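Analysis of the macromolecular model
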Amino acid sequence: TLKWNKGHSEASLQLLKFQTFDQKNYLYTNLKIMRPFFYKMTLIFIGLVLLCCNEKENDQLKTGDIIFQDFEFGNSKAIKLISHSKYSHVGMIVKLDGKNYVYEAVQPVQITPLEDWIGRNTSKKYEVKRLKNSDQLFTEEKLKAFKAEMNKHIDKNYDGRFEWSDDKMYCSEVIWKIYKRVFNI
């Protein structure tokens, strides 16, 4: 079956003609089509990992900590193949009334209780990282700006095409944009 999406080049249209519903071929073919999007997403994802330093325990979590896991969803295998990472999903810790939540771009961008976020993965493995200078960055004024920027994206649709716009968001994109806009990093 030929699937046509506006914006595909003739080269990618040729790749689509060979698409089958065999999962291995489907994944391989879609990796070729989505490669530019995955490269961009991979660079953001790796950048987020490199910005972070220390792993944190749940009782030490702070708003702005970045949490990674191998979230099992449609694109997770492709993300791990392209990024050479053990992670396929990223979120950000948000403290609300003393409880830990994860700000994440799924369908839609939302805030999820930490226990539910961890529970999506059958292995229950995750890592939490914090920027080296987070105590200096997160002044009271910047924390307000940080939360305001997060609120701008709540309920936006997930961007499965990994486009760089503010209309839809994917997980590493929304976190990168919040840090860039608030802290210019």
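Structure report, in brief. Small disclaimer: the values here were computed from a predicted structure and weren't measured.

Taken across its 6 residues, strand 6 (residues 126–131) has 5 buried, putting it largely inside the fold. Taken together, the 4 bridges between strand 2 (residues 66–69) and strand 6 define a ladder with antiparallel strand orientation. By the bridge assignment, I66 is partnered in strand 6 with K129.

Taken as a whole, this structure holds 11 salt bridges when the rule is applied. Where E104 meets R120, a salt bridge forms, and the shortest distance between an N and an O atom there is 2.6 Å. Here E104, found in strand 4 (residues 99–105), pairs with R120, found in the loop between helix 4 (114–119) and strand 6; they are 16 residues apart in sequence, far enough to count as distant. We classify E104 as buried; its relative accessible area is 0%. Since its relative accessible area comes to 27%, R120 is described here as partly exposed. Among the salt bridges present, the one from E127 reaches K129, with a minimum N-O distance of 3.4 Å. With respect to burial, E127 and K129 carry one shared label: buried.

If you check helix 6 (residues 140–153), its first and last C-alpha atoms are 21 Å apart, about what 14 residues at 1.5 Å a residue would give, namely 20 Å. Residues of helix 6 that are buried: F146, E149, M150 and H153. Looking straight down helix 6, one finds that the buried residues subtend no more than 100° of arc, so they occupy a single side. More than 90 degrees from the buried face of helix 6, the exposed residues found are E140, E141, K144, N151 and K152. Buried residues in helix 6 make contact with strand 3 (89–96), strand 4, strand 5 (109–113), strand 8 (168–169) and helix 7 (171–183). Just past helix 6, the residue D155 takes up positive phi, approximately 75°.

Cut-offs applied
Residues numbered from 1 in each chain as written. Predicted model: local features only at pLDDT ≥ 70, side-chain atom pairs only at ≥ 80, totals over all residues. Heavy atoms only, no water. Buried < 20%, exposed > 50% of the residue type's maximum accessible area, 1.4 Å probe, protein only. Helix = DSSP H or I, 4+ residues; strand = E, 2+ residues; numbered from the N terminus. Pairing = 2+ DSSP bridges. Salt bridge = Lys/Arg side-chain N within 4 Å of Asp/Glu carboxyl O. Expected span 1.5 Å × (residues − 1). Arc of directions from axis to C-beta. Contact = heavy atoms within 4.5 Å.

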